[in-house]
Amino acid sequence: MQHLVRDCFRGQGYRFASGAFDIARTCGWDRVARLGSNESPYPPSPLAIARATEALASANRYPDEHMGSLVDALRRAFGDHAFVTGAGMDGVIETVIRATVDAGDRVAISTPTFSFYGIAARAQGGIPHPIPRDRDFAVDAGRVIEESRGATITFLCTPNNPTGNATPPEVIGEICDGIEGMLFLDNAYVEFAALDYLPLLHRFDNLIIGRTFSKAYALAGLRVGFACVPSWFEPVFRRAQTPFALNAVSAAAAMGALADPEHVRRIVAHVTAWRRRFAAEIPFPVLPSDANFVLVDVAPLTGDEAVEALARRGVVVRSAAGFPGLGDHYIRVSIGDDWENERLLEELQVL
Ligand SMILES: *Cc1c(COP(=O)(O)O)cnc(C)c1O
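Now for a quick tour of the structure. (Residues numbered from 1 in each chain as written. Predicted model: local features only at pLDDT ≥ 70, side-chain atom pairs only at ≥ 80, totals over all residues. Heavy atoms only, no water.)

### A look at the sheet that holds strand E8 (residues 224-229)
Part 1 of the reasoning: With mixed pairing, the seven strands of this open sheet are ordered in space as E2-E8-E7-E6-E5-E3-E4. With partners counted over all chains shown, the strands left at the sheet margins are strand E2 (82-87) and strand E4 (127-132), one partner each. Each neighbouring strand pair of the sheet contributes to a mean axis angle of 25°, computed without reference to strand direction.
Part 2 of the reasoning: The sheet contact formed by strand E7 (residues 207-212) and E8 spans four bridges and is antiparallel. Bridging from a neighbouring strand, Thr212 pairs with Gly225 of E8.
Part 3 of the reasoning: Contacts from helix H3 (residues 68-78) reach E2, E7 and E8, with the element oriented near 125° to E2.
Part 4 of the reasoning: Relative to E2, helix H4 (residues 88-100) is tilted by about 110°, and along the sheet it contacts E2, strand E5 (151-157), strand E6 (182-186), E7 and E8. (Pairing = 2+ DSSP bridges. Helix = DSSP H or I, 4+ residues; strand = E, 2+ residues; numbered from the N terminus. Axes fitted to C-alpha atoms, helices over the stretch in contact; angles between N-to-C directions. Contact = heavy atoms within 4.5 Å.)

The following block contains the structure:
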């Protein structure tokens, strides 16, 4: 029956960091340093846990299809914008592409970056068009505008996964001004950068800013994402979305997390302190980062070799070799709990 499978699902699909975890377990480590997926090392806010627990009691009911209370809470936290929500930002990305991309449409992607934009575009029949970044991974607005010609939508991640660097809001404004299609700005890591892209929403009706509760808000397992969208796009998004995409328990947890900004501040402070230590103490070149991870150049080793060697020593990181447009000699290391970060530093010294 294999002939029934669409071409876009014959390849490898999204690459997870779990392979290295299995190696660590097989080598007998029962306490594994998990630095492969950019999660928060801290558990969720107690308020998030309490709200989710409460919501379980009415799980016999479908959630509010418009996520009214969550949207109100988002508006209080982030300003008077139009919001859409989904099962992780990945769910939001998938719906945005479903709403805008027809078979054969060009989907421009500033690379190297997060692989899911290309995967979701292909699933919709779109044709991903990579736009390479400069040598230092900076974004050249002119080049993005030029190569986005004819594209329905352009994806740009800032701070960027996996390189860690951020693109200044002025450059993003220039791009919004110059392209004919939409710009999806992925702000998954924006809490870790001292940058605010939201004011741009007042100036452009082709800008979508994607955000997530998976990183700084410590709710990766509950899958909550959202986006600030132009107001004309909100009803379009709703028509394209799977009904009840975001579940009521996760939405309640997100509201609890929003009610505890101190928890986020603690996580961000932990990350920024360790980011400095990583830059100073990792015995390989570390790229400047505005995110909760750093990209490390492990040459002459390949990323895959380094990941396997570290996994055997009980430390899980992500090889960046699978990111098209990046060399094969990088690993991406999340900032974890103190003991996890110390273990990483120890093992890198003897790699
Ligand atoms: C983690 C991540 C996301 C989304 O995560 P969700 O868990 O689906 O909300 C989106 N973009 C980038 C670049 C990420 O690293």
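That shown, we press on.
### Section: the site of the ligand
Part 1 of the reasoning: Taken together, 13 residues lie around the ligand, and Asp186, Tyr189, Thr212, Lys215 and Arg223 are the ones closest in.
Part 2 of the reasoning: At 2.9 Å from an oxygen atom of the ligand is found a side-chain nitrogen or oxygen belonging to Asn161.
Part 3 of the reasoning: One nitrogen or oxygen atom from the side chain of Arg223 is found 2.6 Å from an oxygen atom belonging to the ligand.
Part 4 of the reasoning: The fraction of the free accessible surface of the ligand (380 Å²) that becomes covered by protein chains is 93%.
Part 5 of the reasoning: It is H4 that provides the largest number of residues to the shell around the ligand, a total of three residues.
Part 6 of the reasoning: Its residues assigned to classes, the shell around the ligand shows five nonpolar, four polar and four charged. (Near = heavy atom within 4 Å. Polar contact = N/O pair within 3.5 Å; in protein donor to acceptor, adjacent residues only side chain to side chain. Areas by Shrake-Rupley, 256 points an atom, 1.4 Å probe, with all protein chains shown as cover. Nonpolar A, V, L, I, M, F, W, Y, C, P; charged D, E, K, R; others polar.)

### Some points on the nonpolar core
Part 1 of the reasoning: Among the nonpolar cores identified, the biggest contains 111 residues, and Leu70, Phe213 and Ile282 are the most heavily contacted of them.
Part 2 of the reasoning: Ranked by the residues each element gives to this core, the list is headed by helix H9 (residues 248-258), at eight residues.
Part 3 of the reasoning: Here this core spans two domains, and each of domain 1 (2-43 + 262-348) and domain 2 (58-258) adds at least three residues to it.
Part 4 of the reasoning: The contact partners of Phe213, leaving out residues within four places of it in the chain, are Leu74, Ala218, Leu219, Ala220, Val224, Phe226, Ala254, Ala257 and Leu258.
Part 5 of the reasoning: By size, the runner-up hydrophobic cluster in this structure holds seven residues, among which are Phe137, Leu287, Leu295 and Ala320. (Core = buried A, V, L, I, M, F, W, Y, C linked by side-chain atoms within 4.5 Å. Buried < 20%, exposed > 50% of the residue type's maximum accessible area, 1.4 Å probe, protein only. Domains from an automatic or database assignment.)

### Some points on a negative patch on the surface
Part 1 of the reasoning: A cluster of like negative charges, contributed by Asp134, Asp136, Asp140, Glu174 and Asp177, occupies part of the molecular surface.
Part 2 of the reasoning: Positionally, Asp134 belongs in the loop between E4 and helix H6 (141-147).
Part 3 of the reasoning: Classification of Asp134 as partly exposed rests on a relative accessible area of 34%. (Patch = residues over 30% accessible without salt bridge, like charges linked within 9 Å, V, L, I, M, F, W, Y side chains within 5 Å. Salt bridge = Lys/Arg side-chain N within 4 Å of Asp/Glu carboxyl O. Lys, Arg positive; Asp, Glu negative; His and termini not counted. Charge placed at Lys NZ, Arg CZ, Asp CG, Glu CD.)

### Some words on the packing of aromatic side chains
Part 1 of the reasoning: Tallying each qualifying case throughout the model produces 12 aromatic pairs.
Part 2 of the reasoning: Residues Phe155 and Phe184 carry aromatic rings whose centres are separated by 5.2 Å and whose planes lie at 35° to one another, so their mutual orientation is tilted. Here Phe184 lies in strand E6 and Phe155 lies in strand E5, a separation of 29 residues in the sequence. For the pair Phe155 and Phe184, a shared accessibility class is recorded, and that class is buried.
Part 3 of the reasoning: Measuring from ring centre to ring centre gives 5.7 Å for Trp274 and Phe278, while their planes differ by 70°; the resulting arrangement is edge-to-face. You can see Trp274 and its partner Phe278 sitting in helix H10 (residues 261-281), four residues apart, about one turn around the helix.
Part 4 of the reasoning: Take Phe278: its relative accessible area is 0%, and that puts it in the buried class. (Phe/Tyr/Trp six-rings, centres within 6.5 Å; stacked < 30°, edge-to-face > 60°.)

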